[in-house]
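# Overview (structure and organization)
Single-letter residue listing:
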Amino acid sequence: MSTQIHPQQGVAGVARLIGADREFLWHSWSPSGTAGRAGMVVTGGRGCEVTTADGRTFLDARAGMFNATLGYGRTDVVDAMHAQALQLPTYTLTQAATVPAIELARRIAGLTGEPDLSRTFFCHSGSEANETAVKVARQFHALNGDAGRRTILTLADGYHGSTLATAAMSQIPAARDGSEPLPAGFVHAASPRCAQCAARRPHRTCEVPGPEAIEQALLAAGPETVAAIVLEPVLGVAGVWPLPAGYLRRVRELCDEYGVLLVLDEVMTGIGRTGAWFGYQHHVITPDIVTLCKGLGAAYATISSVTVRQSVFEAFAADPLLGGLRHGFTTGGHAVACAGALAVLDAVEREDLVAGAARTGALLLERLSKLRELPEVHDVRGVGLLLAVEFTTLEQAARVEEAMAVDGVLARLQGAAVTLAPPLVLTSEQAGRIADCLERAALAAGGDR
Ligand code: PLP
C-alpha cells in the first residue's frame, strides 16, 4: 500500500511530507543540503519567489542552484516543451536529428560571437558537458597524430562537476574526498584568488597568483603532454572570484604557443549571468571549446552543451575509423529539453535580460559595496548577477545566510562567502530588498562585537 502525500494536507500533511523526505530522499551534497533544515520543501514558484509546503514565501536570490534564470511559472517555456512533447518527445541524435536540436545548435552558434565556434554537442548536466569536453580534447589530439597529449590542466579552486573525471579537475576537498582513486591525467595550477588573507582589507589589494601559475604548471607537466586547459571565467563554487583583467588573454596566448586547447566552463556563467551572453566576452578572447548548462535550461530543461570550433570538429569528421566522436548519451539533446532551451533563449533576447543582468547586477553590487565598512565584511565582489559578500569567518557567513532565510531571502553559503545569483528577471526593487536583507543580517551577525 502506498501513502499519497500532498502539500495541501494541512499541518499534519506537511509533517508527513518532511518525515518522508528525511526517511526516503537522498539529497545531493548531503547532509548539509537536506530539506530538513527548517523543513524546506519547495512546492511552487512565481517570478523570483518560491513557496514551501508550510506556506512560506522566499525571494530566491540564488535562483535554485544559480540556474532558474527566468524565474518560476514561465508559461512560454512550459508551452514550448509541452508542444514538443506531443509532437515528438525525442529521437536519438546518434542516428538522426530533431528539429529543436538543429535549431538550438544553430542559435548557440549565433551567440558565441565567433563564426568558427559553432559546432554543438548536447548532454544533460554541467558535469557531463565538462567530461565530454575532456574526451573531445583528448580524442582531437589523438586524431591529429598527437596522442601524447592527455593531461588536463585546471585551477586548484575550480569546480567542474561531480563525476569522477570532473572531480579530478578540482582540488576542492568536498569535490574529491572519499571517491579516490580519481582518474589520472589531471594537474592543477594555483588560482587567482587570495586563499587565506588575514589582513582586514579587500582582496583587490592582495597579491594573487596570475597566469604565470598556469604557465609554470604547463611547463612542469611538459607542454607537449597537455591536451587542454579548462577554466571558469568566474571561479563560482570557490566563492565567486572573477578572473582578473588580462588573465584569460595571457592563457589564450599560452594555449596558442604550446598547441593546447582552451576550454571555458561556462556552466554557471553562460547565457547572461555575468551581463554578457558568455563570461569570456568580457575578456575579448575566443575559447576552442565552451560548455553551458545552468542558464541554458533555466531550471525548466535538463540540458547542457559543448560547443567547439569547426577546426576541432573537422578532425573528427576526417576520422577514418569510426567517423567521429566515441561518446554519446541515449537522451542527450532531448528534443523537449532543446525546445525548452530555445524558448529560454527567446525570452532572454525578447526581455533584454543580458543587459538587464549587467544593469541590475551593477546596482546590487553598488549597494552591497557599502557593507565593506562593516568590520565583519572582508570583501564584496562579482560581475553581473553573480555576486559574493565575504565575511571574516565562516561562522559569520553562516549566521548571515541563516538570518536572511528567516527574513525571507534565500542566498547561498560558499565557505565564508554569502553568494547571490538571483534570476535575471530580478527587478531593481527586488535587488534593493536583497541588499536591505543582507545588510540587516550582516549588522545582526556583528551584534556581539
Ligand atoms: N561547472 C561549474 C562551473 C559549475 O558551477 C557546476 C555546478 O555548479 C558544474 C560544472 C557542474 O554542473 P552539474 O551540477 O549540472 O553537473
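These remarks concern the structure in this document. Computed from a predicted model, the values in this text were never measured in an experiment. (Residues numbered from 1 in each chain as written. Predicted model: local features only at pLDDT ≥ 70, side-chain atom pairs only at ≥ 80, totals over all residues. Heavy atoms only, no water.)

## Re the pairing of strand β1 (residues 42-46)
- The sheet contact formed by β1 and strand β2 (residues 49-52) spans 4 bridges and is antiparallel. In the strand pairing of β2, V42 is matched with T52.
- Linkage of β1 to β2, two consecutive antiparallel strands, is achieved through a turn of 2 residues, within which G47 is found at a positive phi near 60°. (Pairing = 2+ DSSP bridges. Helix = DSSP H or I, 4+ residues; strand = E, 2+ residues; numbered from the N terminus.)

## Notes on the side chain of T166
- Inspection of the secondary structure assignment puts T166 in helix α6 (residues 164-168).
- Overall, T166 belongs to the buried group, its relative accessible area being 0%.
- Looking at T166, its side chain comes within polar contact range of the main-chain nitrogen of S162, at 3.2 Å.
- Ignoring any residue separated from it by four or fewer positions in sequence, one finds T166 in contact with S127, N130, E131, H160 and G161. (Buried < 20%, exposed > 50% of the residue type's maximum accessible area, 1.4 Å probe, protein only. Polar contact = N/O pair within 3.5 Å; in protein donor to acceptor, adjacent residues only side chain to side chain. Contact = heavy atoms within 4.5 Å.)

## Side note on the site of the ligand
- With respect to spatial proximity, the complete set of residues near the ligand consists of S125, G126, S127, N130, Y159, H160, G161, E232, D265, V267, M268 and K294.
- Between an oxygen atom of the ligand and a main-chain N or O atom of G126, the distance comes to 2.8 Å.
- Y159 has a polar backbone atom sitting 3.4 Å from a nitrogen atom of the ligand.
- If the ligand stood free it would expose 390 Å²; the protein chains cover 83% of that surface.
- Top contributing element to the shell around the ligand by residue count: helix α5 (residues 126-143), with 3 residues. (Near = heavy atom within 4 Å. Areas by Shrake-Rupley, 256 points an atom, 1.4 Å probe, with all protein chains shown as cover.)

## Overview of the pairing of strand β12 (residues 304-309)
- Of all 6 residues making up β12, 6 are buried, and the element is well covered by its neighbours.
- Sheet topology places strand β11 (residues 289-292) next to β12; 4 bridges connect them, and they run antiparallel. Following the sheet pairing, V290 is matched in β12 by T307.

## With respect to the sheet that holds strand β10 (residues 261-266)
- On the basis of which strands lie adjacent, the open sheet formed by 7 strands has the order β4-β12-β11-β10-β7-β5-β6 and mixed pairing. Each edge of the sheet is formed by a strand with only one pairing partner; in this case those strands are β4 (117-123) and β6 (186-189). Mean inter-strand twist for the sheet, computed between neighbouring axes without regard to direction, equals 25°.
- Pairing analysis gives 4 bridges linking β10 to β11, with the strands arranged parallel. The residue bridging E266 from the neighbouring strand is L292, located in β11. (Axes fitted to C-alpha atoms, helices over the stretch in contact; angles between N-to-C directions.)

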